[in-house]
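Working through the structure, step by step
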There are 6 protein chains.
Amino acid sequence: MGLNEFILGLTNLEKINRAPGFFKFTEHTVAAHSYRVASIAQVLGDIEEVNGIDVDWKMLYEKALNHDYTERFIGDIKTPVKYASRELRGMLQTVEEKMTDEFINQEIPREFQEIYRRRLFEGKDDSLEGEILAVADKVDLLYESFEEIVKNNPEPVYKEMFVESVQTIKAYSHRPSVSYFFKEIFPELLKVDFYGKADFLEVIDQVLAE
Amino acid sequence: MGLNEFILGLTNLEKINRAPGFFKFTEHTVAAHSYRVASIAQVLGDIEEVNGIDVDWKMLYEKALNHDYTERFIGDIKTPVKYASRELRGMLQTVEEKMTDEFINQEIPREFQEIYRRRLFEGKDDSLEGEILAVADKVDLLYESFEEIVKNNPEPVYKEMFVESVQTIKAYSHRPSVSYFFKEIFPELLKVDFYGKADFLEVIDQVLAE
Amino acid sequence: MGLNEFILGLTNLEKINRAPGFFKFTEHTVAAHSYRVASIAQVLGDIEEVNGIDVDWKMLYEKALNHDYTERFIGDIKTPVKYASRELRGMLQTVEEKMTDEFINQEIPREFQEIYRRRLFEGKDDSLEGEILAVADKVDLLYESFEEIVKNNPEPVYKEMFVESVQTIKAYSHRPSVSYFFKEIFPELLKVDFYGKADFLEVIDQVLAE
Amino acid sequence: MGLNEFILGLTNLEKINRAPGFFKFTEHTVAAHSYRVASIAQVLGDIEEVNGIDVDWKMLYEKALNHDYTERFIGDIKTPVKYASRELRGMLQTVEEKMTDEFINQEIPREFQEIYRRRLFEGKDDSLEGEILAVADKVDLLYESFEEIVKNNPEPVYKEMFVESVQTIKAYSHRPSVSYFFKEIFPELLKVDFYGKADFLEVIDQVLAE
Amino acid sequence: MGLNEFILGLTNLEKINRAPGFFKFTEHTVAAHSYRVASIAQVLGDIEEVNGIDVDWKMLYEKALNHDYTERFIGDIKTPVKYASRELRGMLQTVEEKMTDEFINQEIPREFQEIYRRRLFEGKDDSLEGEILAVADKVDLLYESFEEIVKNNPEPVYKEMFVESVQTIKAYSHRPSVSYFFKEIFPELLKVDFYGKADFLEVIDQVLAE
Amino acid sequence: MGLNEFILGLTNLEKINRAPGFFKFTEHTVAAHSYRVASIAQVLGDIEEVNGIDVDWKMLYEKALNHDYTERFIGDIKTPVKYASRELRGMLQTVEEKMTDEFINQEIPREFQEIYRRRLFEGKDDSLEGEILAVADKVDLLYESFEEIVKNNPEPVYKEMFVESVQTIKAYSHRPSVSYFFKEIFPELLKVDFYGKADFLEVIDQVLAE
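Predicted model, so just to flag it, every value in this text is computed and none were measured.

Some points on the overall build of chain A
The number of helices and strands found in chain A is 10 helices and 0 strands. Scanning chain A from its N terminus toward the C terminus, one meets helices and strands in the order α-α-α-α-α-α-α-α-α-α. For 210 residues, the compact-globule estimate of 2.2 N^0.38 gives 17 Å, and the C-alpha radius of gyration of chain A, at 18 Å, lies within 12% of that figure. Projected onto its principal axes, the C-alpha coordinates of chain A cover approximately 55 × 45 × 30 Å. A fraction of 69% describes how many contacts in chain A between residues 6 or more apart in sequence connect residues 24 or more apart. For chain A, the computed accessible surface area is about 8,100 Å², with 49% contributed by carbon and sulfur atoms.

Given below as structure tokens:
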């Protein structure tokens, strides 16, 4: 029992695919996704601060870095699950949480258990930092799905992912970082050329106007 | 010009291999390495704090997360370079730095340039957080090379990497987190069985005793 | 609604890894595993018949071919799960079963639903064919783990898998096909040379003698 | 000499690609193809039975499962061969058959040789089960080529494969399972959206009307 | 010190990707690229000879085969480098050359050093053979980028590569092999069908007419 | 009809594996193998020349570069074929040759057909250059199999390949380049450390002494 097992888990996450079976051109590991979400959260945090908002950076980095660590236990199976009712997703959630609990009891030294309980259980709460994490997680999904769209992957799931990401991000439009995102970053992303761009932009404009 | 290009760079790092050609059983991307180093720095930071040291968490996370971002420009070629004098390594370093500078000027909005200059240029300085980053970077290399050793990869380079990591970490043994690492985490890692373990442990004991 | 979705599921199983993260030298998909188990069951069925036992071949092939189809829903996560109590494994089982049920209701035409319910729910029951399936599933695991052992994969998990397979197969030693397996097939498999063979054989002999 | 070598061959088929160099988005192994063909044959057999036809299930499963086992000897080179006259294809066929014969003599115990001769030599004969196998083999090719088409793979070979599959399946339209396939399964498959769908459907309609 | 290290370098080049991160559908190693360039140079040399030009075949093969050997030292990083001024590219060039020099001094026996200095330093000089190499190198890039275009890779970089290749080859149109290439080989390559072909051909016609 | 199809074949060879299923740690394509054999032939040619032998460099490079081009037709299936008598190997050889003939007739312009007939049919004849090619081909196999041995691949096939390579090379010991190889290059290769080295060297010494 010690922290060795926590560190070994980081290597596991390098081998676990995010939303397995979904991404075709570039597959993503949970480790790389966590890195990108933490870096995007950092971008968003900067913008909040430039707009006069106080950011608890320790909380923000901690939340973003650890938000998917528990996927080491049963992988990222919640995303692609088809034929699953809300109840079944809840059961999978429960299994993950109980295994996390067991992991902390078995592997984390007592003096650090409380810290890990916070890190592995709390994430997208309604604090400022929880909100930034929720946005950063969707910004990453937006970039991931956009890469597939730009590379002509015709499966409709990517447009659905993209639209759903835009909608979720928009729900946080009271945040200065979200306004900035839609005003300065998003249009730059959309500059690139791809098949079906005109139709795609029309759908996005509609979503943004809703 | 905006932050879109910075975010696209995160995806690049998901496709750039760390020390290309070195690791055989598990290849590592720069993105996954950055995630692991940030998480290991977090482990070490916890230990420092439990020992009464004040950690500037914002600095620590920021340093760890961004310390290899500039590898998007020419990849991770400094590590495996053979036949290179100190002078040639210096030239590669200069190329990377000049490209980083050019990137910040071209792609980062003026109000954030100073922040990115700090993030992309300063890393393993002699602050507490710089020291923790230096240790975390080597702890990750230690785990990476150990995985190859345990899986019977016979190339001597892994033992050299492992020994060099131990030596570098040991150089920071004034840090409570380093004492804790050698006392609590390292022995647990070494519990696993592998061919040639007895000889290996002897070498390590010698290095630790030096 | 129709059988198209069942056929598309066969392609899914070509992309889902068996015991993800476990096998290093050769990864196995659920589709390939199902093919091998059906072919091994066929070998065992022949032996039973030569020994005067009546085999219901339709049942045998059907059981073997379909025994892991339901892994299309949440992947093969039951095998590698660590930190999971019996209760948690039960919950994962329930999730899989409920999704299978939902799948049959949504996707299979009414006139075939009963057939699919039999195929996707009943497997290793205590019929002759259920027993052969149970043996064939373990024979396949035995060959898979042996390949890793022969190729010097030092992780102890393969020896554990191998021993566990031998033990489970042995539990069916009232079956003529199992006697034949241990007398004619197993010794031929063990002829190949590998590091640590002497120690390995000793352990196996002990398991067989228990 | 024994059945061990037959089982080892199953693992070989997990590593041999089907039509090597042909499929781009998803590569298929001979093992996975055999699994899918057996499962599709099972679907077609069900439909025959519901239509009052007696199916010899043992024969059907056996034929489907083993129909490509002999590809372990020289791989799947007959499909992609260019510049080959009918005569050269015949020579490759002969090589494969002679090696199969040699394999049975060398590796299969005498009491099972006759069974294996039937399994490895007879396949798409003009029995009911041989016809279902011929259809199932093409249905699988149809799904494989359709996946490439849907994912925008522009090489004309996939349309040729798809059309050729439709034509071959159609030649068996006296089978109730083929009528059912074109009436209930095929239209569902074609519901998905993809570039050039209108032109594609026109070609298919023409083929079906011929 | 001896020639063993030169031969080991050939294996390195089998593991080093050409223009890493650029090609999506088919990745190319430096070894395979060198093979193709040497074979294309051979095609061009034949055409020159049929047109009455004397080819120094030893020089031609030698130049083509060895022209990228020095990429074993820092990989193929000069092609994809973004944000790099002419000066920075020059520095990378210098690093590569100094390492090549060091390699020859350390690893090549004295009696062969002069030969290797010629092989590893001189390439696309203004001799006939140097010109053929320059053309062959671009013909290969043209085929590589065309494969991506034909397979619908929408990133504009491939069209840019293709156009730049055509322009560079055209600059050598005083060579009979280049006239032959544009008259006999190029039109055959362009016969294949792909999305956006009409627009593409228009651009190419314009480039050829310039 | 033109040379476009010959150039496209070079890309095919980039995707065809050498001795498929044999090499575990590094897979080799026919394209990369051809590059390495041509480069090794160049090393051997240099040594011959330093020893006063006249080398026809055009012939040497041409033979080495093209010696496996015809594997584009049925892949590299002659090497790994098991259960094949001398007669069956001969039939495969005939198939390959007839397809090569057909290819030249269909795809190569008349004025170049004779050249290609020489390149694609004549190889390891008993000229000086044919002998060097025969040696270079085995030196490459020796390095390939040695890499597997050094990396602990325990399958006996690599030692068999290595020994067979040494024996074949030794059969040409009247060539100065072979003497040089065994005196200067081979010992340097064997300096590296690996499991079972002592036993391995003993076997090799015996082979060399025969």
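A closer look at the arrangement of the chains
With respect to C-alpha atoms, chain B approaches chain D no nearer than 19 Å, and the pair has no contact. Separating chain C from chain E is a minimum C-alpha gap of 19 Å, and the two share no contact.

Details of the interface of chain B and chain A
Opposite the 51 residues of chain B that make contact, chain A presents 51 residues. Summing both partners gives a buried area of about 4,500 Å² for chain B against chain A, and 63% of it is carried by carbon and sulfur. At the boundary of chain B and chain A, one finds 6 salt bridges. Among the salt bridges present, the one from A:R36 reaches B:E14, with a minimum N-O distance of 2.6 Å. Taken together, the links from chain B to chain A amount to 12 residue pairs in polar contact (both at pLDDT 80 or more). Of all the elements in the fold, those that place two or more residues in the side of chain B that touches chain A are helix 1 (4-13), helix 2 (30-50), helix 3 (57-66), helix 6 (110-121), helix 7 (128-150) and helix 9 (176-189) of chain B. No other element matches the 14 residues that helix 2 of chain B contributes to the side of chain B that touches chain A.

Considerations on the relation of the copies chain F and chain E
With an RMSD of 0.0 Å, chain F superimposes on chain E once it is rotated by 180 degrees and translated 0.0 Å along the axis. One copy is carried onto the other by what is essentially a two-fold rotation axis. Here 100% of the interface residues in chain F have copies in chain E that are interface residues too; the copies meet face to matching face.

Focus: the pattern of salt bridges
Within the structure shown, the criterion is met by 96 salt bridges over all chains. The closest approach of N and O atoms between C:K63 and C:D125, which form a salt bridge, is 2.8 Å. Of this pair, C:K63 sits in helix 3 (residues 57-66) while C:D125 sits in the loop between helix 6 (110-121) and helix 7 (128-150); the two residues are 62 residues apart in sequence, bridging distant segments of the chain. Residue C:R119 pairs with D:D46 through a salt bridge whose shortest N-O separation is 2.8 Å. Of this pair, C:R119 sits in helix 6 while D:D46 sits in helix 2 (residues 30-50), on two different chains. Taken as a pair, C:R119 and D:D46 share a single burial class, namely buried. Where salt bridges share partners, they join A:E14, B:R18, B:R36, B:D140 and B:E144 into one cluster.

Notes on the environment of F:F146
In this fold, F:F146 is placed in helix 7 (residues 128-150). Excluding residues within four positions of it along the chain, F:F146 makes contact with F:F162, F:L189, F:L190, F:V192, F:F194 and F:F200.

Some details on the packing of helix 3 (residues 57-66) of chain F against helix 7 of chain F
All names here are of chain F. Taken N-terminus to C-terminus, the directions of helix 3 and helix 7 make an angle of 40 degrees; their axes are 9 Å apart at the nearest point. Here helix 3 is positioned oblique relative to helix 7, judged by the angle of their axes. Here helix 3 runs over helix 7; the crossing is right-handed. When helix 3 is examined against helix 7, the residues M59, L60, K63 and A64 are found in contact with a partner set consisting of E129, G130, I132 and L133. Class assignment of the residues belonging to the contact of helix 3 with helix 7 gives a composition of 5 nonpolar, 1 polar and 2 charged.

As for the packing of helix 6 of chain C against helix 2 of chain D
Angle between the axes and distance between the axes are the two parameters that describe a pair of packed helices. Interaxial distance between helix 6 of chain C and helix 2 of chain D falls to 11 Å at its minimum, and their mutual angle equals 140 degrees. Regarding the angle of helix 6 of chain C to helix 2 of chain D, the classification is oblique. In this structure, helix 6 of chain C crosses over helix 2 of chain D, and the sense of that crossing is right-handed. Here helix 6 of chain C contributes C:F112, C:I115, C:Y116 and C:R119 to the contact with helix 2 of chain D, which in turn contributes D:Q42, D:V43, D:D46, D:I47 and D:V50.

Reading guide: rules and limits
- Residues numbered from 1 in each chain as written.
- Chains lettered and ligands numbered in written order.
- Predicted model: local features only at pLDDT ≥ 70, side-chain atom pairs only at ≥ 80, totals over all residues.
- Heavy atoms only, no water.
- Helix = DSSP H or I, 4+ residues; strand = E, 2+ residues; numbered from the N terminus.
- Rg over C-alpha atoms; globule rule 2.2 N^0.38 Å.
- Contact = heavy atoms within 4.5 Å.
- Areas by Shrake-Rupley, 256 points an atom, 1.4 Å probe, with all protein chains shown as cover.
- Buried area = accessible area lost by both parts, 1.4 Å probe.
- Salt bridge = Lys/Arg side-chain N within 4 Å of Asp/Glu carboxyl O.
- Polar contact = N/O pair within 3.5 Å; in protein donor to acceptor, adjacent residues only side chain to side chain.
- Least-squares fit on C-alpha atoms with pLDDT ≥ 70 in both.
- Buried < 20%, exposed > 50% of the residue type's maximum accessible area, 1.4 Å probe, protein only.
- Axes fitted to C-alpha atoms, helices over the stretch in contact; angles between N-to-C directions.
- Parallel < 35°, antiparallel > 145°, perpendicular 65-115°, else oblique.
- Left-handed = near helix turned anticlockwise from the far one by under 90°.
- Nonpolar A, V, L, I, M, F, W, Y, C, P; charged D, E, K, R; others polar.

No statement about biological role is implied by the geometric values presented.
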